[in-house]
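Residues per chain are reported as follows:
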Amino acid sequence: LKLGKMSLGTELTFDGNPNLHLFSTGRSGEGKSWMGRHLAMQVPGVGGRVIAIDHSGDFVEAKPKQGWDPASMEIINVRDKQYRLNPFHMNEGETLGDMVDRVVDLVDSGIRLSSGQWAYLVDAITEGYEDGEMNSMSDLVDKVRDDARMNETAARLLPKIRSLGRLIPSGEKEIDWKANTPGITIVDLSKIRDRAAKRILTEMLLNSICDLRMNGAPGKDETPLVVLLDECQLLSFREGSQEVRILREGRKFGVFGWFATQWINDRNALSALGQAGLHIYFRPAEEDLHKTALKLAHGDRKRVPECEKRLSRLQVGQFMYASGQRLIVSSPI
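I will try to describe carefully the structure that is included in this document. (Residues numbered from 1 in each chain as written. Predicted model: local features only at pLDDT ≥ 70, side-chain atom pairs only at ≥ 80, totals over all residues. Heavy atoms only, no water.)

Remarks on the overall build of the chain
So, step 1. Helix and strand content of the chain: eleven helices and 13 strands.
So, step 2. Relative to the globule expectation of 20 Å for 333 residues, the C-alpha radius of gyration of the chain, 21 Å, shows essentially globular dimensions.
So, step 3. By principal-axis analysis of the C-alpha atoms, the chain measures approximately 70 × 45 × 35 Å.
So, step 4. By residue count, 52% of the 333 residues in the chain fall in the buried class.
So, step 5. Of the contacts made within the chain by residues no fewer than 6 positions apart, 72% connect residues no fewer than 24 positions apart.
So, step 6. As displayed, the chain offers around 15500 Å² of accessible surface, 47% of which is attributable to carbon and sulfur atoms.
So, step 7. Of note, the chain has its 45 positive side-chain charges centred 8 Å away from the centre of its 46 negative side-chain charges. (Helix = DSSP H or I, 4+ residues; strand = E, 2+ residues; numbered from the N terminus. Rg over C-alpha atoms; globule rule 2.2 N^0.38 Å. Buried < 20%, exposed > 50% of the residue type's maximum accessible area, 1.4 Å probe, protein only. Contact = heavy atoms within 4.5 Å. Areas by Shrake-Rupley, 256 points an atom, 1.4 Å probe, with all protein chains shown as cover. Lys, Arg positive; Asp, Glu negative; His and termini not counted. Charge placed at Lys NZ, Arg CZ, Asp CG, Glu CD.)

The following block contains the structure:
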């Protein structure tokens, strides 16, 4: 995959490394989204599939500008009532208790639950599932609404989760990811304003993708699958989350994560993203310059001033990365 070029025209490529996870960071407008689209556009040509979860609308809006082949691409709007995401579907190898814990943890990642609300949801989901009444997030909201008449915990929880029943799709049609067919799928989440719902929905989408490709034996002959996420600071990066699973185990299944964000401070996220095979740095915000330089210098404080200087001089579309002891600086894209 072609990343770009150096000032003398030397091609910068992303190859020769079995770890094709990628992390890019930099302030808004410096080129992260362009880079993501630039790389994604190349993937079908080398036999892979990209699933881009588009939080901002950059991928949908820029599609005509970058000349993507419409024949190999589809856009999924999850607000379309035909689609369904069922968090209560048990993944291969899961017990009922595993599934319930996963779903409650998922809800907690977007809506902080009290211990009482957590315990209530465990019982409510278990009971509803055993009665055959848990097939969508709206089913859970309906159950909480019914319980709210007599249960104080449910009454306090209902306002927190009401929007989930409306925003998480519960139609008749499962999403066909076409994971073994080269091409590009863009999942458009840009119209969803509720931050908690967007985070929960993203985790559910990742669970659907991972359930499809990462719950059996590794398939050596399967189509390489890239999961591309902009604004990855929205994700929880909790232990056991699907984004952490992709970074740790994805290579065995031909699944690779490409993550982008302006900045991220969460320790769990930084630890997980540290496993990416390539870290690309666009010009950071002024307040993040020193921290970015420290990472680029791999903790060598003697090299930090040089990294700061070079980062501060990056133009729009230019990026840096470390290759061993060398600092590679691209030409503007």
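Still more ground to cover, so stick around.
Focus on the packing of helix α4 (residues 115-130) against helix α5 (residues 137-147)
So, step 1. Where α4 meets α5, the axes come as close as 11 Å, and the angle between the chain directions of the two elements is 115°. Here α5 runs roughly perpendicular to α4, going by the angle between their axes. Crossing handedness for the pair α4 and α5: right-handed. Where α4 approaches α5, its residues Y120, L121, A124, I125, E127 and G128 are matched on the opposing element by L140, K143, V144 and D147. (Axes fitted to C-alpha atoms, helices over the stretch in contact; angles between N-to-C directions. Parallel < 35°, antiparallel > 145°, perpendicular 65-115°, else oblique. Left-handed = near helix turned anticlockwise from the far one by under 90°.)

Things to note about the packing of aromatic side chains
So, step 1. In this structure the tally under the stated criterion is three aromatic pairs.
So, step 2. Ring centres of F237 and F259 lie 6.0 Å apart, and the angle between their planes is 55°; on these two criteria the pair is classed as tilted. Highlighted residues: F237 in the loop between β9 (225-229) and α8 (242-249) and F259 in strand β10 (residues 255-261), separated in sequence by 22 residues. Like F259, F237 is buried. (Phe/Tyr/Trp six-rings, centres within 6.5 Å; stacked < 30°, edge-to-face > 60°.)

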